[in-house]
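Coordinate inspection notes
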Amino acid sequence: MATEPGDGPLALLRLIEDLPGEQRLNEPLAPYTTFRIGGPARVLFFPKTVEALAEAVRRARREKVPYRLIGGGAKVLFPDEGFPGLVLHTGLLCRAFDTEEGLWVEPGFPISGLVKRGLWVLAGIPGSAGGAVVMNAGTRHGSISSYVTAVQTLLPDGSLATLPPEECRFSYRSSVFREKRLPVLGVGVKLPEEIRPVEELLAERRRTQPLGFPSAGCVFRNPEGASAGWLIERAGLKGKRVGDAQISEIHANFIVNLGKARASHVLSLIEAAQSAVRRLFGITLSLELEVVLP
Ligand SMILES: Cc1cc2nc3c(=O)[nH]c(=O)nc-3n(C[C@H](O)[C@H](O)[C@H](O)COP(=O)(O)OP(=O)(O)OC[C@H]3O[C@@H](n4cnc5c(N)ncnc54)[C@H](O)[C@@H]3O)c2cc1C
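Along each chain, residues carry numbers from 1 onward, in the same order as the chain's sequence is written. Residues qualify for local features only when their pLDDT is at least 70, as the model is predicted, and side-chain atom pairs are given and counted only at 80 or more; totals for whole chains, interfaces and linings, by contrast, use all residues. Remark: hydrogens and water are excluded; side-chain values derive from all non-hydrogen atoms of the structure.

A few words on the site of the ligand. Surrounding the ligand, one finds 35 residues, the nearest of these being Leu69, Gly71, Pro126, Ser128 and Gly138. Two N or O atoms count as a polar contact when they lie within 3.5 Å, although within protein this holds only if one can serve as hydrogen donor and the other as acceptor, and sequence-adjacent residues are included solely when both atoms are side-chain atoms. The contact in question runs from a nitrogen atom of the ligand to an N or O atom on the backbone of Gly138, over 2.7 Å. Measuring from a nitrogen atom of the ligand, one finds a side-chain N or O atom of Arg205 at 2.8 Å. Each helix is a run of DSSP H or I of at least 4 residues and each strand a run of E of at least 2, with the numbering of both proceeding from the N terminus. At the level of elements, β3 (67-70), α4 (129-135) and β13 (215-218) are the ones that each hand at least two residues to the shell around the ligand. Counting residues per element, the shell around the ligand draws most heavily on α4, which supplies five residues. Throughout, the ten residues Ala, Val, Leu, Ile, Met, Phe, Trp, Tyr, Cys and Pro are labelled nonpolar, Asp, Glu, Lys and Arg are labelled charged, and all others, Gly among them, are labelled polar. Residue composition of the shell around the ligand, by class: 17 nonpolar, 13 polar and five charged. Any residue with a non-hydrogen atom lying within 4 Å of a molecule or strand is treated as near it.

Two aromatic rings, drawn from Phe, Tyr or Trp (for Trp, its six-membered ring), form a pair once their centres lie within 6.5 Å of each other, and the interplanar angle then sorts them: stacked below 30 degrees, edge-to-face above 60, tilted otherwise. In the structure shown here, the tally under the stated rule is three aromatic pairs. Judged by centre distance (6.2 Å) and plane angle (70 degrees), the ring pair of Phe78 and Phe83 falls under edge-to-face. With respect to burial, Phe78 and Phe83 carry one shared label: buried. When the centroid spacing of 6.3 Å and the interplanar angle of 45 degrees are considered together, the rings of Trp230 and Phe281 count as tilted. Here the residue Trp230 occupies a position in helix α7 (residues 228-234), and Phe281 occupies one in helix α8 (residues 263-281), the gap between them amounting to 51 residues. Think of it in three bands: residues with accessible area under 20% of the maximum for their type are buried, residues over 50% are exposed, and the middle band is partly exposed, with areas taken using a 1.4 Å probe on protein chains only.

A few words now on the nonpolar core. We call a set of buried residues a nonpolar core when its members are Ala, Val, Leu, Ile, Met, Phe, Trp, Tyr or Cys and they connect through side-chain atoms within 4.5 Å of each other. Core analysis: the biggest nonpolar cluster contains 33 residues, and Leu114, Leu122, Val133, Phe177 and Val187 have the highest contact counts within it. Only β7 (102-105), α3 (111-116), α4, β10 (148-154), β11 (160-163), α5 (176-179) and β12 (184-189) provide two or more residues apiece to this core. The biggest single contributor to this core is α4, with five residues. Any two residues whose heavy atoms approach within 4.5 Å at even a single point are treated as in contact. Ignoring sequence-local partners within four residues, the contact set of Val187 consists of Leu103, Trp104, Val105, Ala129, Val133, Val148 and Ala150. Counting residues in hydrophobic clusters, the runner-up holds 26 residues, among them Ile247, Ala252, Ile270 and Leu285.

A patch is a set of surface residues, each over 30% in relative accessible area and not in a salt bridge, joined within 9 Å for like charges and within 5 Å for the nonpolar side chains Val, Leu, Ile, Met, Phe, Trp and Tyr. The Shrake-Rupley method, run with a 1.4 Å probe, gives the accessible areas here. Residue values count only the displayed protein chains as cover. Here a salt bridge means any side-chain nitrogen of Lys or Arg lying within 4 Å of a carboxyl oxygen belonging to Asp or Glu. On the surface, Trp230, Leu280 and Phe281 cluster together into a nonpolar patch covering about 300 Å² of accessible area. A relative accessible area of 43% means that Trp230 is categorised as partly exposed.

Turning our eyes to something else, we now look at the domain arrangement of the protein chain. Domain assignment breaks the protein chain into domain 1 (9-89), domain 2 (100-189) and domain 3 (210-291). Computed from C-alpha atoms alone, the centre-to-centre distance between domain 1 and domain 3 is 27 Å. With 12 residues of domain 1 in contact, the opposing surface of domain 3 contributes 17 residues. A quick way to say it: buried area is the sum, across both parts, of accessible area lost when two parts are put together, with a 1.4 Å probe. Both sides of the domain 1 and domain 3 interface together cover about 1200 Å² of buried area, and 57% of this is carbon and sulfur. When the buried area of domain 1 at its contact with domain 3 is split by residue, Phe35, Lys75 and Leu77 rank highest and sum to 56% of it. A salt bridge links Asp80 to Arg262; its shortest N-O distance comes to 3.9 Å. Taken together, the connections running from domain 1 to domain 3 amount to 11 residue pairs in polar contact (both at pLDDT 80 or more). Residue composition of the side of domain 1 that touches domain 3, by class: seven nonpolar, one polar and four charged. Bear in mind that the domain bounds are from an automatic or database domain assignment.

The structure is reproduced here in C-alpha cells:
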C-alpha cells in the first residue's frame, strides 16, 4: 500500500525499516542544525551505507512522501511545526577513500576533514561534503566547485550516475543538486597543489563573524556588485530582534539565535530585511539559506 504524506511515523518507518541504519521517530531537528531551530521530523533516518541512502530516496520518491537530506544542518531552517516526512541524515556516511583518480568521500564526510587534507580554501565552513557540493560552498579564496572531479547522484529514473563537474551546473552557492533536489551520494575531489596554513583564515572569520551564537551563516546571497550585509546595515537593521532571533550586530547578513529563537522569528527578520532593502535600494535580496516550508 502506498504511503500517504499524512500517514503517521509508523507508516513512514515501514518504508525504511529493512535498510541498514538508525531510525528515530518524531525526533526534534533543532539539535541537528547549527541554528538550533526546528520541530520534529516524523522519521529521522541515519543510513549506514550509501546504498541504503540511495534506496531510501528511491522509495520516498516512489511513494511520494516528503523527504529531505541533511548533512551538517549548517544552511537549513526547518519549521517550528517540524517536517511531516522522512529526513535522511548523512552523519554515518563519513568515509574517505584514496583512489587512483584522487580523493573520494561519502556525503557526510566533514568539510573540516577536506580542509585537513589540504582543501584550505574551505577553512572555517561547517557542514558536510554533500552539503558543500549542493550549496557550492566557498569563501573569497574559492569554492568547492573548482576542486570537484565527479559527483555520484541518483537520477529521477532511479538509476545511479556519476556526473563530471561540467554537468553539476555549479553557480554562486548553487548547483544542479540544489536546483533539482538530487541527492549527493559521493564526491571526488582533487586537492590544490598550494598548501596554506589555515590559522590566519580562521582568525579572520572569528573577527568578522558572530561565531558565539548559533546561526546558519549568511542568510542572503550577495546581489551583483553589492554586499547583502552592507545593504541590511545601511537599512538600519543591524541588531534588530524578533523574539530570540537577531540580525547580528557583528555581521548583518547573519541572523543569530540568542537562545530560544523560533523559525517564525527568523522568517520575520528575513521579511523585514527584504522589505527594507527593497524600499531603500530597489534591490530584492534572495535567500542563500535553505528555508524548508511547513
Ligand atoms: C558560522 C557559519 C559560517 C558559514 N560560512 C560559510 C562560508 O564561508 N561559505 C559558505 O559557502 N557557507 C558557509 N556557511 C554555510 C554552510 O556551512 C555551507 O552551506 C555548508 O556547505 C552546508 O553544509 P551542510 O552539510 O551543513 O548542509 P545542510 O545544511 O545539511 O544542507 C544544506 C542543503 O543541502 C541539502 N543537502 C545536504 N546534504 C545533502 C546531500 N548529501 N545530498 C543532497 N542534498 C543535501 C539539504 O537538504 C539542504 O537543502 C556557514 C555556516 C555557518 C553556520
